[in-house]
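Descriptive analysis of the structure
Spelled out from the first residue to the last, the chains are:
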Amino acid sequence: MRAIRYQAHGGPEQLRLEEAPLPTLCPDEVLVRQAFSSVNPADWKLRAGWFNEWVPQIFPFIPGADITGTVVAAGPLAAGFAPGMRVAGMVPVQQGGAWAELVPVKAPALTRLSDTVSMQEAAGLPLAGLTAWTALFDLGLLRPGQKVLIHAAAGGVGSLAVQLAKIAGAYVIATCSADNKEMVAALGADKIIDYRVGDFADGLGEVDLVLDTIGGTVRQRSIAVLRPGGTLVTLDPTPPEPTLTQQVRVATVAVAPDGGRLLHLVHLLATGRLRVPIDRVFAMEEAACAHIHSQDGHARGKILISIDATMDRTIF
Ligand SMILES: NC(=O)c1ccc[n+]([C@@H]2O[C@H](COP(=O)([O-])OP(=O)(O)OC[C@H]3O[C@@H](n4cnc5c(N)ncnc54)[C@H](OP(=O)(O)O)[C@@H]3O)[C@@H](O)[C@H]2O)c1
């Protein structure tokens, strides 16, 4: 099968389109023929060796976490899946494997896609959508009427978080650059702050929840806008300075596959309440360009990889 692989840590030039051995299937797994996958920043951080200390990699490594395609075969313990079904799901980023024509996926990490959901849109949903959901609801305990500040609202996670927070009845304050204001307004944000002009914290008042997608000084300044007892949910695994967080709750997201939760997100897509903004779709041959585009740090929504676009026969 064709797969994107790398044989050593390094720059985007390490990514090669190669012939790889067919994967074997465990009894609790489903073999998926991939239509699309997406880029998540963790893919290139892993490739560059940023996570070596925690996640030693075995080479050759196939990157990618997001799964969208059709079922080729289902193991005897993968109940509910049969050949030909359209599915979406996720493999753990550190395990990788999604940028290949065939991917074995644990059955509980998958969900069925109805014929009305485009595979392109679904490919941008699993990792970013599960991250946004975990941050806002599992860790952030967001309730209707609360004020939430969402950083990088035009990015993969942020663009979904803005919409999910609005669906939950929150007042959403979003940061992005001027070029993306229109896009973020269309997602439903109530107040939009251009993070390049002045200090985003000026005149903001107290907020109940911050979704920190940036870390560093942005996170430090965000803590100051939380009400006492408010919550900072961060995607940055580096713990914040304890002296700054005495009056607030702090929680860190470590996203994990969850087919049940994904089913709910897919339902929101199918009913038109949620959409996945697509920045650009790259061919497998352009895998290095896709990583470079993500590394530039200015994605508008999700960056996709097309593995077999002919499979996306969505019925509208
Ligand atoms: N812990 C976890 O489980 C987990 C899960 C998912 C993601 N993450 C991490 O979370 C981060 C965000 O992920 P993502 O997929 O959303 O990334 P992304 O799609 O690459 O984010 C790109 C966006 O960031 C915006 N941005 C850059 N600097 C900004 C700033 N100072 N203030 C506001 N917006 C800014 C850009 O907006 P402009 O173009 O307008 O500048 C762009 O729209 C990444 O570091 C990723 O590794 C962690």
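All values reported here derive from a predicted model rather than from experimental measurement. (Residues numbered from 1 in each chain as written. Predicted model: local features only at pLDDT ≥ 70, side-chain atom pairs only at ≥ 80, totals over all residues.)

**Remarks on the domain arrangement of the protein**
Along its sequence, the protein is carved into domain 1 (2-125 + 276-311) and domain 2 (128-252). A separation of 27 Å is found between the C-alpha centroids of domain 1 and domain 2. (Domains from an automatic or database assignment.)

**Regarding the site of the ligand**
Around the ligand, the structure places 29 residues, and the nearest of them are A152, G155, G156, S177 and H298. Put simply, the parts of the chain that give the shell around the ligand at least two residues each are α1 (41-47), α3 (126-139), α4 (156-167) and β9 (171-176). Of all the elements, α4 adds the most residues to the shell around the ligand, at three residues. For the shell around the ligand, the per-class residue count stands at 15 nonpolar, 13 polar and one charged. (Near = placed C-beta within 6 Å. Helix = DSSP H or I, 4+ residues; strand = E, 2+ residues; numbered from the N terminus. Nonpolar A, V, L, I, M, F, W, Y, C, P; charged D, E, K, R; others polar.)

**Comments concerning the packing of α3 against helix α7 (residues 259-270)**
Close contact between α3 and α7 brings their axes to 10 Å; oriented N to C, the two are set at 95°. When the axis of α3 is compared with that of α7, the two are roughly perpendicular. Judged by residue contacts, P126, G129, L130 and W133 of α3 engage R261, L262 and L265 from α7. Tallied by class, residues from the contact of α3 with α7 come to five nonpolar, one polar and one charged. (Axes fitted to C-alpha atoms, helices over the stretch in contact; angles between N-to-C directions. Parallel < 35°, antiparallel > 145°, perpendicular 65-115°, else oblique. Contact = placed C-beta atoms within 7 Å.)

**Some points on α4**
For α4, with 12 residues, the first-to-last C-alpha span of 17 Å sits near the 16 Å given by 1.5 Å per residue. The buried fraction of α4 is high, at 10 of 12 residues. Its buried side turned inward, α4 meets α3, β8 (147-150), β9, α5 (181-187), β11 (207-212) and β15 (302-306). The positive-phi residue at the C-terminal boundary of α4 is G169, with phi of around 85°. (Expected span 1.5 Å × (residues − 1). Buried ≥ 20, exposed ≤ 12 C-beta atoms within 10 Å, placed from the backbone.)

**Points about the sheet that holds β11**
Pairing is parallel in the open sheet, where six strands are placed in the order β10-β9-β8-β11-β12-β13. Each edge of the sheet is formed by a strand with only one pairing partner; in this case those strands are β10 (191-194) and β13 (249-252). Direction aside, neighbouring strands of the sheet carry axes that sit 15° apart on average. In the sheet, β8 pairs with β9 via four bridges, with the strands oriented parallel. Its bridge partner lying in β9, V148 is registered against V172. Here α4 sits on the sheet in contact with β8, β9 and β11, set at roughly 170° to β8. (Pairing = 2+ DSSP bridges.)

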